Amino acid sequence: MTVFIIRRLMQSAFVLLIMSLLVFVGVFAIGNPVDILIAADADQAERDRAIAALGLDLPLWEQYLVFLKNAAHGDLGKSFVFNQPALQLIVDRMPATLELAFSAMVIAILLGLPLGMYAGFQPHSRTARAIMAGSILGFSLPTFWVGLMMIMVFAVQLGWLPSTGRGATATVLGIKTSLATWDGLAHVLLPAINLALFKLSLVIRLSRAGMRENMLMDYVKFARAKGLSMRRVIFVHVLKNILIPIVTVLGLELGSVIAFSVVTESVFAWPGMGKLIIDSINRLDRPIIVAYLLITVTMFIVINLVVDVLYSVLDPRVRLAEAKA
Amino acid sequence: MASVIERDATTEAALPVETPFRRFVGDFVRSRVAVFGLALLCMILLIAVAAPWISPQNPYDLRQLDILDGRMPPGTASMSGYTFVLGSDDQGRDMLSGIFYGLRISLIVGVMSAAIALVAGSAVGLIAAYFGGRVDSLIMRVVDIQLSFPAILLALILLSILGQGMWKIILALVTVQWAYYARTVRGTALVERRKEYVEAARCLALSHARIVFRHLLPNCLPPLIVVGTVQVAHAIALEATLSFLGIGLPITEPSLGLLIANGFEYLLSGKYWISFFPGIALLLTIVSINLVGDQLRDVLNPRLQH
Amino acid sequence: MLLKLLRTALVAGAVLCVPFAASAQDLTVGLSANVTSIDPHFHALSPNNNIAGHIFDRLVHQDERQKLTPGLATEWKVLDDTTWEFKLRQGVKFHDGSDFTADDVIASLKRVPWVPNSPSSFALYMRAIKESQIVDPYTIRFTTARPYPLLPVDLANIFIVSRKAEQAPTGDFNSGRATIGTGPYRFVEYLPGDRIVLQRNDNYWGPKPPWPRVTMKLITNDPARVAALLAGDVQIIEAVPTQDISKLKNNANVQLWRIISNRLIYLHVDSFRDQTPLVTDKAGAVLPNNPLKDARVRRALSKAINRPAIVERLMEGEAIPAGDLLPDGFFGASPKLKPEAFDPEGARRLLTEAGYPNGFGLTINGPNDRYVNDEKIVQAIGPMLTRIGIATKVVTEPWATFASKGSAPNYAYSLMLVGWGSGTGETSSPLRSLLSTVRPGFGGSNRGRYSNPKLDAVLDEALATVDDEKREKLLQDAGEIAMNDVAIIPLHYQVNVWATRKGYAYTPRTDENTYAFEVRPAK
């Protein structure tokens, strides 16, 4: 197990290195940040000064080496537009995004699993059909469109919830989170639902498919024949088997939830990492783009590792020794 | 897993009445909803193919657009005589024609990118799972890089370098999607390949290719189709999102997603038709794809057969 | 279900919303662009300057029409052509209680070029100053190398910080440690990407602002910002999207405030190269001669554009067709210059005269996230040009890629839509940056590399003429030279629109700034 984890981490470090190079070159190919950042009435002298001030006068490979050297000391560079360490800016914004992603996942699972299991248990019932039809809506409509609709209905017309922004925060265990205040919860609800919609559909579909398959399996018949109650069979035995694909997919999806929060965050003016990254792309703020990617990829690698370990716990047939990838 | 082997036996016996295809059709039409979905999908495909002949206007021809025709509500007559059945957008584009042409683009983008990604991704995933070891490790690291790249960011960087265009968008969408299939297939295949029937097949000294494609693949299909149908829809929606963020397709040749994104600005203003009708078209398309996909999944799933 | 949802949403705009409940003590503002730093000398960027304008004062202020008014300097005069004397306001206190004197001005001027890593430095606005000299604590003299009439306008860009902050890094301003100004509001909190919170400065030397506490929320998504106003979460928003204006006009809870802006939207034309990359024959091969060098062809393009239609249909009336660099009434705007009339026949005639009876092929480029409805305007111009025989392709992209490709040294485009806001409020700004021949200190944004020695000569003379009356005449002449040669193709001036909840009033500004201290309770 330990060998597995160590090897995995070393491979990941290599991945990070390659990726940082790709992003470095990629962002360079898009354009020159100074063209975007500089005041319109600046002249050529001011432009040259700005290019030098941001370290963009060096050849690209040299810029990359400087970056690597600093990165080795934990310094991922200073944002061009904020003049603050990129890492710090991202870490400051992280709680907002994580609480949004976390709330979205909780909503997706709490609603999706029971709905999907029901739809799989009674596949031909009217309710099941309605659930499935509803789940299609979840991924048919573009997130930004649904987001605005939700603001219009729940904030503007009904006035139940605030329209945009993050609410008051409170410090819990050293982390500033808005999930600890009522105001914060009220603010997070709409964007979290918006972000959850796609995942909700996915969970419904996965758990329905899993339920349908497992109910036909021999072990269910045996368990029933042994006299176990339907409730026990479903909530203990079937649930455990359904969870495998769901855990895999959701593990993968947590990364994508964080990435896709870009859209939700910009519609709901949510001050998280997603909004930071899209703004940074629009301003070609390379230090933030690179740092953001390194951080999300690292998070993702950790999530994958956890998923694989969980996998082996949930399904003994998959052994880590062979899943050493 | 006796049922699987049994089924193989019957297929190979090839009874004259029950060919696999007939049985497949028979299973498929059992669900009325699925047949409805299929009919709808066929109709949508037909419209998409026939768009140039049935549209009152060529919305991609700049000479036919006039902003003086812009934002007309449904039913208004245009300056060149025909009626804007579903209204017009701010550039004077007939929404009906725009939707017909947009369907074409959205379907090509969604289906092509999902299909290419599915084929590429599942091949990679199967290879990883079947061979294991170093091959698996290497492939899965690449998949990890891929999946950890936020799709939108990757697409944005790719498209910024490539420029605009439909095939460039497809390329970008394949790049962000293939890894989903690879991982899903690998996950399932890892479990499947430990099962007795694969070992049985190995004992029979069947070729690698035969084991992978005839035995492993069919058993990996259910989750693949679940992910696949979700991904076609997802690809179309992702394309819309990229349009919303201002990259992707050229503005003069809008897809359904781009039409919705353009109309988005008018949502609060009461000019609902600019994004409502393309929204409905997108909805119907995705719903029909999913109805068909759902039924396919049930029919194709060897474990649901009895 | 969807239908119902949609219908509800659609009527929502008109329906009476949540009863207005916020405390009369507080003001919440919805801003449209990101604020990236509280350091007033770090990045010359309008959203940052907007916030800095609450906390810090400048020697010279601009009123809502960008006329210069006394700020921390009560008066200024030219001693000789190159020496200016500024009298400072007495009895002004910084937020920390210390007195404001000439030392603070000198400290600020030293800090401006010092700020490390600045992507766009305010030193630009100090380039004319050769020497600064303290005469007494409330008198300061500046010497310029050459006669420089724009010194007071330039100084209206430089925020005065406390001398204690001379060496303070940007981070100290974002955290509040060094954020000590003399402005109407003091700094409370800055949450990047989220909000800026300000507290009234009760010792302010000017009129007392009505709101004790102000929250500036950053809501960059247009419909979301409108929704926040409709929901009553904010009391005023800036940059109201044109699409929503007609609906908001009929909303009893909302009031609109508008003024013409200093921002011109125009087409920049490559009139420099002998071969320009995106002008082709109908088969797609680059033309051997650049037709855009011919003023007749440029005028033909201008005549082909139906400006009133763009204004009416795409801008919902919130723009004014343009024929000059700044609207009438701005310093240097010529009363003789009128917008080119829509005349496709005349355009075709001019093309024939210039030797292109069958037109040619052309790509028009533009950004899609920079100016009001930029993408729509570019798209609408496509068919207009196509109708006079110029087969036009339309390409739009985010500013992030557009800006690099379209500017020096790439110059990848032949015809492009851009905008220009004159921070100085006079035409010297666009003449100098957009139309002057590219040379040191000039033509920084001249993306078409237009070059006209006659124009350069008049402009240079204007920039060295301290007498306002003479200078305005020269600027008008320069503008007429450029416009009669169709150096650029002006489209329209934007109109700046703010929306407030009922019960609030705002004095709209030509410079697009949203100042909380200028929001008043309406009677």
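One can find the structure itself at the top, above this paragraph.
Residues numbered from 1 in each chain as written. Chains lettered and ligands numbered in written order. Predicted model: local features only at pLDDT ≥ 70, side-chain atom pairs only at ≥ 80, totals over all residues. Heavy atoms only, no water.

A. Highlighting the overall build of chain A. Helices and strands together make up the secondary structure of chain A, namely twelve helices and two strands. When the helices and strands of chain A are placed in sequence order, the string is α-α-α-α-α-α-α-β-β-α-α-α-α-α. Its C-alpha atoms put chain A at 85 × 55 × 35 Å along the principal axes. When burial is assessed residue by residue, chain A has 59% of its 325 residues classed as buried. (Helix = DSSP H or I, 4+ residues; strand = E, 2+ residues; numbered from the N terminus. Buried < 20%, exposed > 50% of the residue type's maximum accessible area, 1.4 Å probe, protein only.)

B. Here's a closer look at the overall build of chain B. Secondary structure assignment for chain B yields eleven helices and two strands. Secondary structure elements of chain B, listed N to C terminal, follow the sequence α-α-α-β-β-α-α-α-α-α-α-α-α. Buried positions account for 62% of the 306 residues belonging to chain B. Of the roughly 11,600 Å² of accessible surface on chain B, 69% is carried by carbon and sulfur atoms. (Areas by Shrake-Rupley, 256 points an atom, 1.4 Å probe, with all protein chains shown as cover.)

C. Inspection of the pairing of strand β5 (residues 73-80) of chain C at higher detail. Residue and element names in this part refer to chain C. With six bridges connecting them, β5 and strand β6 (residues 83-88) associate as antiparallel partners. Along β6, the bridge assignment pairs Trp 76 with Phe 86. Between β5 and the antiparallel strand that follows it, β6, lie two residues. (Pairing = 2+ DSSP bridges.)

D. Broad picture of the nonpolar core. With 348 residues, the main nonpolar core has Leu59(C) and Leu435(C) as its most contacted residues. Of all the elements, helix α4 (residues 95-131) of chain B adds the most residues to this core, at 15 residues. Not counting residues up to four positions away in its chain, the partners in contact with Leu435(C) are Leu325(C), Pro430(C), Asn446(C), Tyr450(C), Leu455(C), Ala482(C), Ala487(C) and Ile488(C). In this structure, Ala119(A), Ala128(A), Met132(A) and Leu200(A) belong to the second largest nonpolar core, which totals six residues. (Core = buried A, V, L, I, M, F, W, Y, C linked by side-chain atoms within 4.5 Å. Contact = heavy atoms within 4.5 Å.)

E. Examining the packing of helix α13 (residues 428-435) of chain C against helix α15 (residues 468-484) of chain C more closely. All names here are of chain C. At their nearest, the axes of α13 and α15 sit 10 Å apart, and the two run at 40 degrees to each other. By the angle between their directions, the pair α13 and α15 is classed as oblique. You can see that α13 and α15 cross each other, and the crossing is left-handed. For the pair α13 and α15, the contacting residues are Ser 428, Leu 431 and Leu 435 in the first and Leu 475, Ala 478, Gly 479 and Ala 482 in the second. Partitioning the contact of α13 with α15 into residue classes produces five nonpolar, two polar and no charged. (Axes fitted to C-alpha atoms, helices over the stretch in contact; angles between N-to-C directions. Parallel < 35°, antiparallel > 145°, perpendicular 65-115°, else oblique. Left-handed = near helix turned anticlockwise from the far one by under 90°. Nonpolar A, V, L, I, M, F, W, Y, C, P; charged D, E, K, R; others polar.)

F. Fine view of the packing of helix α8 (residues 295-304) of chain C against helix α10 (residues 344-353) of chain C. All names here are of chain C. The contact between α8 and α10 brings their axes to 8 Å, and the two run at 165 degrees. Put simply, α8 runs roughly antiparallel to α10. Note that α8 runs across α10; the crossing there is left-handed. Residues Arg 296, Val 297, Arg 299, Ala 300, Lys 303 and Ala 304 of α8 pack against Pro 344, Gly 346, Ala 347, Leu 350, Leu 351 and Glu 353 of α10.

G. Structural context of the interface of chain A and chain B. The partner chain B presents 58 residues to the 60 residues of chain A that form the contact. Taken together, the connections running from chain A to chain B amount to zero salt bridges. Where chain A meets chain B, there are one residue pair in polar contact (both at pLDDT 80 or more). Listed by contribution, the elements that provide at least two residues to the side of chain A that touches chain B are α1 (2-30), α6 (126-140), α7 (143-157), α8 (182-215), α10 (230-267), α11 (273-282) and α12 (286-314) of chain A. It is α1(A) that contributes the most residues to the side of chain A that touches chain B, ten residues altogether. Across the side of chain A that touches chain B, the residue classes tally to 41 nonpolar, seven polar and twelve charged. (Salt bridge = Lys/Arg side-chain N within 4 Å of Asp/Glu carboxyl O. Polar contact = N/O pair within 3.5 Å; in protein donor to acceptor, adjacent residues only side chain to side chain.)

H. Expanded view of the packing of aromatic side chains. Here the structure, examined in full by the defined rule, presents 24 aromatic pairs over all chains. Taking 6.2 Å as the distance between ring centres and 55 degrees as the angle between the ring planes, the aromatic pair formed by Phe122(C) and Tyr125(C) counts as tilted. Taken together, the aromatic side chains of Tyr272(B), Trp273(B), Phe276(B) and Phe277(B) make up a single cluster linked through ring pairs. Sitting above the plane of the Trp399(C) ring, Arg370(C) keeps its charged end 4.0 Å from the centroid. One cation-aromatic arrangement involves Arg449(C) over Tyr411(C); the distance from NZ or CZ to the ring centre is 3.7 Å. (Phe/Tyr/Trp six-rings, centres within 6.5 Å; stacked < 30°, edge-to-face > 60°. Lys NZ or Arg CZ within 6 Å of the ring centre and 35° of its normal.)

I. Geometry of unusual backbone geometry. All names here are of chain C. In this chain, Ala 408 is followed by Pro 409 through a cis amide linkage whose omega measures -5 degrees. Inspection of the secondary structure puts Pro 409 in the loop between α12 (399-406) and β19 (415-421). Although it is not a glycine, Gln 66 adopts a positive phi angle of roughly 65 degrees. In this fold, Gln 66 is placed in the loop between β3 (60-62) and β4 (68-70). For Glu 512, which is not glycine, the phi dihedral falls at a positive 75 degrees. With respect to the helices, strands and loops of the structure, Glu 512 is situated in the loop between β21 (504-506) and β22 (519-521).

So far we have only geometry, and geometry alone does not tell us how the molecule works.
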